[in-house]
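If you want the building blocks of each chain, they are given just below.
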Amino acid sequence: MKQFRSALILGLGFFALVAQTLLFRDFLAAFEGSELGVGSFFGSWLLWVGLGAVLGRAAAGRLEGLAERFELTVLLYIPALLAQQALIADARALGGVPAYEVYPFGRMLAVSLVANAPISLVTGLLFTLACRWWEREAALPPARVYMVEALGSFLGGIAVTLLLARGVCTERIIAYAAIVLVAMSAIGWLAGERSKRPIAPGGILLALLAALVAVSLGGLPDAWSRASDRARWSRLLAAEEFRGSFTTAQAKYLYGRHAGQLVVMSWGGVSETVPNIQHASEIIALGLSQHPTAKNALIVGGDSLSICLRLGKLPQIGEVVWLHPDPEYPRRLLEVLPAELKAGAERLHAPGREARDFLQAQGRRFDLVWLNLPDPTTLVLNHYWTREFFEIVRQSLAEGGVVCARLTGAENFIGPERAFLGASALATLKSVFGHVVLKPGEESWLVACDGEGLSTAPAELRDRFAKITAAAEVYPPEGLMSLYVPDRAEFQLEAYGQTAASAPETLLLSRDERPISLFFSLLLALRRTTLLSFARTVPVLHRAGIWIAACPIVIYGLLRLLYMLAPRGGRATRESIIAAAAFDGRFLVFATGLAGMSLSIVLMFQYQSRFGSLFLDIGLISSLFMFGSFAGSMLTERLLRRGPGEPRGLLPACLLLNLALIGLVAAVPEGAPRAAYAALFVGGGLFVGVYFPIGAARLRAAGQSPAASGASLEMLDHWGGAAGALASGWLLLP
């Protein structure tokens, strides 16, 4: 019956990974999709799992009923998921941050610690109780529970990714996951000895299973989903203005009507308004005044549909192409666009492809390219601010073609953070294009080309634009006199020049392998939401480099070496050797949890930079990692069960192979396919899983009970992972 008892642990892992995936998506939406949010989520999640393991150790000794009726105890997962989903949905209210403001990073970390508590705490609690529940079934209960739970997580990640890819709503997936959990609990109850199997728990489980199946077959999950979408919409706008939603691989979008406009919301804020006539007209005028004979135009970015539609009013424009960081978004938005807003859309082409892939196949096609993008506060957006991307754009420009790139500027004061961001953007553009000019202001634009046709003289630009047929219907030419103000442009360029003079050129140049624009954008976002300013320390951080992270590791290694070499009074006893091995086993699990999670976060960042948001793929990524953990723990457990002790060369061999994996991650090329990343995620999980049975064996040799060793290892593994997530997401990323 052991395999049937395994089903319950399998169900735990399955539900936990499904819940983590769905909550991660909600978390990203609440905290604007920032990579710092990735580190905050996994750091706080793993911290609470470790605390839950400590709680489980206390509960295992004092509340025997939790382990004896474990098939009912696991049902704590369901209310915990609902509670955590509600906390994340109210993240802005918890942090006291209005919906229209950038979420302060400090509050993000604090609120994530609160919002991630329920499911994570229950996960740690249930792992420890599972070790007590199963201790009579296996020689190494913590290692066996870890292995089977990891396999369940792998299956859960595959299932949730497939369901999300098919467009199944979050609420229906929750119902399906609950059915799996209750069904596995019922199997675990049936696997027990008949004499020790009370009827009441079985009746509760079967009744709950029947109720969940009935709910799933009905329309309740879909009604719940619509109500959740309406509630999210009503945090910004009136609930009666909500019209519907659509989901892509990278985000979920809500749309409705407000004040005669179509409004689209994503990542917790408004991402598109149609029509947005005044702003779109200004952007068209600043570009066409630099290249008044342009015919074919490309617009890259969100909140750009109004620009595309306004361009369609000009007779000289032959083709308008719209690309978006989320390739599916333009097509999906056009599908829900009201008929009265489609005027001009007949000239609009939305290829639905990633910008680099599309542009590399176009040749010299476009006369004007607008990069209407927000500051690069994520790796996905940084992808559009690197030298490599600008070189691709340059190759797609026709003779005399012009590119316009949006940038956060300032009217009267430029702090060091804005100065670094602007100086980096200017230096990167100048490394590709021969001539760059600036349109100043809070929303600045850098305009670049290889020719000499660019101008910053307001009167000349006004006259150029006025000669365009029907230009006055789009934007009054006199308005250009207030867009290009020479003394404001000189003021901004002087600030950028002073910053560039005080910093090495390599620090300012943004490259694919070195996303410095992201770093400067994060500094600016931090300055906007706190009183902290780190801009003046940037040159110091640049020179220090990797030693910022390496110093603690080196110090620990030296201290441990000194301890091992220190003279002892008398010969070491067997007990002292076992105690030392137990300590090293604990630290091994902590350190490899830290390193494994750090490596996983780095891989996530690389994957996101290459393929876009983790919104759809996070479940698959986590499942691959957990499959590696399952395979690694199973392999090591079998090796340990062959002999009376730990094989002498096992740990050194594992560590050497682990270092080789780190080298592969460091060497992964920019254009690596998804399959390469999949193999690396499996490898990362493998070299977390292999160490857990070693730690369990050492604690067992030291005389610890299964519940105690399970709690200790679960706590250390997840606290190491929490430290790795926070270190990677909040320190090593910048």
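Residues numbered from 1 in each chain as written. Predicted model: local features only at pLDDT ≥ 70, side-chain atom pairs only at ≥ 80, totals over all residues. Heavy atoms only, no water.

### Focus on the packing of aromatic side chains
Right, so step 1: The tally for this structure, following the rule as stated, stands at 28 aromatic pairs.
Right, so step 2: Between Trp233 and Phe242, the ring centres sit 5.9 Å apart and the planes meet at 55°, which makes this aromatic pair tilted.
Right, so step 3: An aromatic cluster is present here, built from Phe24, Phe27, Phe41, Phe42 and Trp45 joined pairwise through their rings.
Right, so step 4: Over the ring of Phe615 we find Arg25, and its NZ or CZ is 3.8 Å from the ring centre.
Right, so step 5: In this structure, Arg488 packs its charged tip against the face of Phe491, placed 4.8 Å from the ring centre. (Phe/Tyr/Trp six-rings, centres within 6.5 Å; stacked < 30°, edge-to-face > 60°. Lys NZ or Arg CZ within 6 Å of the ring centre and 35° of its normal.)

### Re the confidence of the model for the protein chain
Right, so step 1: Here the protein chain shows a mean pLDDT of 85. Residues at 70 or above account for 89%.
Right, so step 2: When mean pLDDT is taken per element in the protein chain, strand β8 (residues 366-371) scores highest with 96 and helix α26 (residues 538-544) scores lowest with 61. (pLDDT = per-residue confidence, 0-100. Helix = DSSP H or I, 4+ residues; strand = E, 2+ residues; numbered from the N terminus.)

### Here's the deal with the packing of helix α10 (residues 170-190) against helix α11 (residues 199-217)
Right, so step 1: It is the contact of α10 with α11, at a shortest axis distance of 9 Å, that shows an interaxial angle of 155°. By the criterion of interaxial angle, the relationship of α10 to α11 is roughly antiparallel. The hand of the α10/α11 crossing is left-handed. Between α10 and α11, the residues in contact are Arg172, Ala175, Tyr176, Ala178, Ile179, Val182, Ala183, Ser185, Ala186 and Trp189 and Ile199, Pro201, Gly202, Leu205, Leu208, Leu209, Leu212, Val213 and Ser216, respectively.
Right, so step 2: Considered class by class, the residues forming the contact of α10 with α11 number 15 nonpolar, three polar and one charged. (Axes fitted to C-alpha atoms, helices over the stretch in contact; angles between N-to-C directions. Parallel < 35°, antiparallel > 145°, perpendicular 65-115°, else oblique. Left-handed = near helix turned anticlockwise from the far one by under 90°. Contact = heavy atoms within 4.5 Å. Nonpolar A, V, L, I, M, F, W, Y, C, P; charged D, E, K, R; others polar.)

### Digging into the pairing of strand β10 (residues 435-439)
Right, so step 1: Most of β10 is tucked away: five of the five residues are buried.
Right, so step 2: Along β10, one buried face is formed by His435, Val437 and Lys439 and the opposite face, lined by Val436 and Leu438, is buried too.
Right, so step 3: Pairing geometry for β10 and strand β11 (residues 441-449), over five bridges, is antiparallel. Among the inter-strand pairings, Leu438 is bridged to a residue of β11, identified as Leu446.
Right, so step 4: Counted along the chain from β10 to the antiparallel partner β11, the turn is one residue long. (Buried < 20%, exposed > 50% of the residue type's maximum accessible area, 1.4 Å probe, protein only. Pairing = 2+ DSSP bridges.)

### Regarding the environment of Glu340
Right, so step 1: Topologically, Glu340 is positioned in the loop between α15 (329-336) and β7 (348-349).
Right, so step 2: Here Glu340 falls in the exposed class, since its relative accessible area comes to 52%.

### Focus: the sheet that holds strand β3 (residues 261-266)
Right, so step 1: In spatial order, the strands read β1-β2-β3-β4; together these four strands make up an open sheet with antiparallel pairing. Strands at the two margins of the open sheet, each flanked by one partner only, are β1 (242-247) and β4 (269-274). Between one strand axis and the next, the sheet turns by 25° as a mean value, whatever way the strands run.
Right, so step 2: Pairing between β1 and strand β2 (residues 252-258): five bridges, direction antiparallel. Considered in β2, the bridge of Phe242 is made with Gly256.
Right, so step 3: Strands β1, β2 and β3 of the sheet are contacted by helix α12 (residues 220-234), whose axis makes an angle of about 65° with β2.
Right, so step 4: Where α15 meets the sheet, its contacts fall on β1, β2, β3 and β4, and the angle it forms with β1 comes to roughly 150°.

### Description of a nonpolar patch on the surface
Right, so step 1: A contiguous nonpolar patch, built from Leu47, Leu51, Leu94, Leu113 and Val114 and spanning about 360 Å² of accessible area, is present on the exposed surface.
Right, so step 2: Broken down by secondary-structure element, the contributors of at least two residues to the nonpolar patch are α2 (35-62) and α7 (105-115).
Right, so step 3: Along the polypeptide, Leu113 turns up in helix α7.
Right, so step 4: Classification of Leu113 as partly exposed rests on a relative accessible area of 31%. (Patch = residues over 30% accessible without salt bridge, like charges linked within 9 Å, V, L, I, M, F, W, Y side chains within 5 Å. Areas by Shrake-Rupley, 256 points an atom, 1.4 Å probe, with all protein chains shown as cover. Salt bridge = Lys/Arg side-chain N within 4 Å of Asp/Glu carboxyl O.)

### As for unusual backbone geometry
Right, so step 1: Looking along the chain, the bond that leaves Val274 and enters Pro275 is cis, with omega of -5°.
Right, so step 2: Its location among the elements puts Pro275 in the loop between β4 and α13 (277-288).
Right, so step 3: In this structure, Ala259 takes a positive phi of about 50° despite not being glycine.
Right, so step 4: Tracing the backbone shows Ala259 in the loop between β2 and β3.

### Looking at the pairing of β8
Right, so step 1: The element β8 is extensively covered by neighbouring structure, given that six of its six residues are classed as buried.
Right, so step 2: Bridge analysis of strand β5 (residues 296-300) against β8 gives four bridges, and the strand direction is parallel. Looking at the pairing, Ile299 lines up with Trp370 of β8.
Right, so step 3: Of the pairings in the sheet, the one linking β8 to strand β9 (residues 397-410) comprises five bridges and is parallel in character. In the sheet register, Phe366 faces β9, and the bridge partner there is Leu397.

### Here's the deal with the packing of helix α29 (residues 618-642) against helix α32 (residues 691-701)
Right, so step 1: Two elements in contact, α29 and α32, have axes separated by 7 Å at closest approach and are oriented at 40°. Looking at the two axes, α29 sits oblique to α32. Here Ser633, Thr636, Glu637 and Leu640 of α29 lie close against α32, whose contacting residues are Pro693, Ile694 and Ala697.
Right, so step 2: Split by residue class, the contact of α29 with α32 holds four nonpolar, two polar and one charged.

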